[in-house]
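# Report on the structure
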Amino acid sequence: MATLAAHLHAHGPLPEHSGREIRALTAASGLTGHGGAGFPTYRKFEAVAGSVSSRAAAVVIANAAEGEPFSRKDRTLLTHAPHLVLDGLALAARAVGADTLHIYVPAASAHIVHAALAERPGHRVTVTIAPETFVAGEESAVVAAVAGKRPIPTTKGVRITERGLRGRPTLVQNIETLAHLALIARHGPQWYRSRGTEREPGTFLASISGPLHRPGVYEVPYGISLGGLLDAAGRNTRPLQAVLVGGYHGAWIPPDPTIEISRAGLARFGAAPGAGVIMPLPAGECGLLATAQIVSYLAGSSAGQCGPCANGLPRINDTFTALAGRTPRPDVVDELERLSRLVTGRGACKHPDGTARLVRSSLHRFGVPVKLLPYARQAVTACPRLALSLR
């Protein structure tokens, strides 16, 4: 872990920007959330700051929950640069007028946070342990956990930015976003925009796993090519048939090395960088079986509090498992289309939507014709029964 002294030697002291100046810097930089959704950070700042009143100061929660099984970026960031995260937390608090600061972190990284906070006695930050479950990092689940409740998403009603933790305006921000904010405050928006693309500036942390010589976490610019990203992780000579981008709620894309890893570059595949999880699938392994294992995990990882998760996802899992096992009934693809449509947009959170997106993506990428995706014309090919190690 980097000490505070080493951190200050590398980055210098944090500038004394006002809240208004921080919001302006954030807007000019084009910084977006790095927790998965990619929402413009300054817009969240403005929403929270605009909800602050004389009776209710804001709350800021740094979100380090990492329930995605193959994401390693947040724990890597805390291991190597915890003080950048705490600097960003302090800046975000100033930006929105917060007087209460929290960090929500898995138990495995809590000691790092406590050690960093011990070096900063003037910073009062409450540490809450985040369970390592898939939905525990959703922002309403984060607020619930910090309030001492069960860490599950809640039905969307009043926005958290208006009434979050204990009824106060609340900002929940991924820790990678906060670390970028700490650097932008020191070096300026144009420095941040010097990498990435014009529409998507900056860098992101990519968690790359699979058949590679050097899997791990890499900082890369938005707009990097898929080939460049895989080369950074030591791509081996085994050919690929697809790459899962965006993690378990992501989408499969072809292994074309020229594809740009950005929201704009991936949009035509129904994909996005998300939280930066990249998983190549070698040729010869069955994409439907790989997806079936993920869908099974997702069906078992819901909060189980609403119909789409409690009933829809188990049905999708059973139907997709039959398809991948080569024992489907004749209407299996139509049934998957129907179930995916039923669960999308109807859950207490986006967990059903993300699962349905992965299902649709796999039907397209691995050759299943489906009315929802008319450009997929290829018939289902035989899938060998392979024991894939995706979990």
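Here's what I pulled together on the structure shown here. These figures come from a predicted structure and were not determined experimentally. (Residues numbered from 1 in each chain as written. Predicted model: local features only at pLDDT ≥ 70, side-chain atom pairs only at ≥ 80, totals over all residues. Heavy atoms only, no water.)

## A look at the overall build of the protein chain
A count of helices and strands for the protein chain gives 15 helices and nine strands. Expected size for 391 residues packed as a compact globule is a radius of gyration near 21 Å; at 21 Å, the protein chain falls within 12% of this value. Dimensions along the principal axes, computed over C-alpha positions, put the protein chain at roughly 65 × 45 × 35 Å. Nonlocal contacts in the protein chain, meaning residues at least 24 apart in sequence, comprise 68% of its contacts between residues at least 6 apart. For the protein chain, the accessible area works out to roughly 16700 Å², and carbon and sulfur atoms hold 53% of it. (Helix = DSSP H or I, 4+ residues; strand = E, 2+ residues; numbered from the N terminus. Rg over C-alpha atoms; globule rule 2.2 N^0.38 Å. Contact = heavy atoms within 4.5 Å. Areas by Shrake-Rupley, 256 points an atom, 1.4 Å probe, with all protein chains shown as cover.)

## With respect to the sheet that holds strand β9 (residues 277-282)
Read across the sheet, five strands follow the order β6-β5-β9-β7-β8 without closing on themselves; strand pairing throughout is mixed. Two strands bound the open sheet, and with one partner strand each, they are β6 (216-221) and β8 (251-253). On average, each strand axis in the sheet is inclined to that of its neighbour by 30 degrees, with strand direction left out of account. Here strand β7 (residues 240-245) pairs with β9 via five bridges, running antiparallel. Paired with L244 across the bridge in β9 is M279. (Pairing = 2+ DSSP bridges. Axes fitted to C-alpha atoms, helices over the stretch in contact; angles between N-to-C directions.)

## Digging into the state of the cysteines
Scanning all chains against the criterion turns up zero disulfides. For the unlinked cysteine C306, the closest cysteine sulfur is that of C309, found at 4.5 Å. Relative accessible area serves as the criterion here: at 17%, C306 is assigned to the buried category. (Disulfide = S-S within 2.5 Å. Buried < 20%, exposed > 50% of the residue type's maximum accessible area, 1.4 Å probe, protein only.)

## Points about unusual backbone geometry
For R166, which is not a glycine, the phi torsion comes out positive at approximately 50 degrees. By secondary structure assignment, the location of R166 is in the loop between α7 (139-146) and β4 (170-174). Judged by relative accessible area, which is 60%, R166 ranks as exposed.

## A look at the side chain of H102
Relative to the assigned elements, H102 resides in strand β2 (residues 98-106). Residue contacts for H102: discarding those within four places in its chain leaves V59, V60, I61, A62, L89, V125, T126, V146 and L165.

## Focus on the side chain of H180
Structurally, the position occupied by H180 is in helix α8 (residues 175-187). Given the relative accessible area of 9%, H180 is considered buried. Not counting residues within four places of it along the chain, the set of residues in contact with H180 comprises L31, H34, Y192, T203 and E219.

## Comments concerning the packing of aromatic side chains
What the rule picks out here adds up to five aromatic pairs. Their ring planes at 80 degrees and their centres at 5.4 Å tell us that Y248 and Y297 sit as a pair that is edge-to-face. Linking Y248 in the loop between β7 and β8 with Y297 in helix α12 (residues 287-299), this pair joins segments that are 49 residues apart in sequence. In this pair, the class of Y248 matches that of Y297, namely buried. Ring centres of W252 and F366 lie 5.2 Å apart, and the angle between their planes is 70 degrees; on these two criteria the pair is classed as edge-to-face. Of this pair, W252 sits in strand β8 while F366 sits in the segment after α15 (351-365), placing them 114 residues apart in sequence. Here W252 falls in the buried class, since its relative accessible area comes to 3%. Residue classification places F366 among the buried positions, given a relative accessible area of 10%. By the ring-pair criterion, three or more aromatic residues cluster together here, those being F70, F134, Y248 and Y297. Seen from the ring of Y222, R263 lies directly overhead, with NZ or CZ sitting 5.6 Å from the centre. (Phe/Tyr/Trp six-rings, centres within 6.5 Å; stacked < 30°, edge-to-face > 60°. Lys NZ or Arg CZ within 6 Å of the ring centre and 35° of its normal.)

## Considerations on the packing of helix α13 (residues 307-324) against α15
Axis separation between α13 and α15 bottoms out at 10 Å; the angle between their running directions is 15 degrees. Between α13 and α15, the angle falls in the class roughly parallel. Two packed elements cross with a definite hand, and for α13 against α15 that hand is left-handed. Residues P308, C309, L313, I316, F320 and L323 of α13 form the contact with α15, whose own contacting residues are H351, P352, T355, V359, S362 and L363. (Parallel < 35°, antiparallel > 145°, perpendicular 65-115°, else oblique. Left-handed = near helix turned anticlockwise from the far one by under 90°.)

## Quick look at the pairing of β4
Taking burial as the measure, the five residues of β4 include five buried ones, the bulk of the element. Burial of β4 is two-sided: the residues T170, V172 and N174 facing one way and the residues L171 and Q173 facing the other way are all buried. Pairing analysis gives five bridges linking strand β1 (residues 58-63) to β4, with the strands arranged parallel. Of the residues in β4, the one forming a bridge with V60 is L171.

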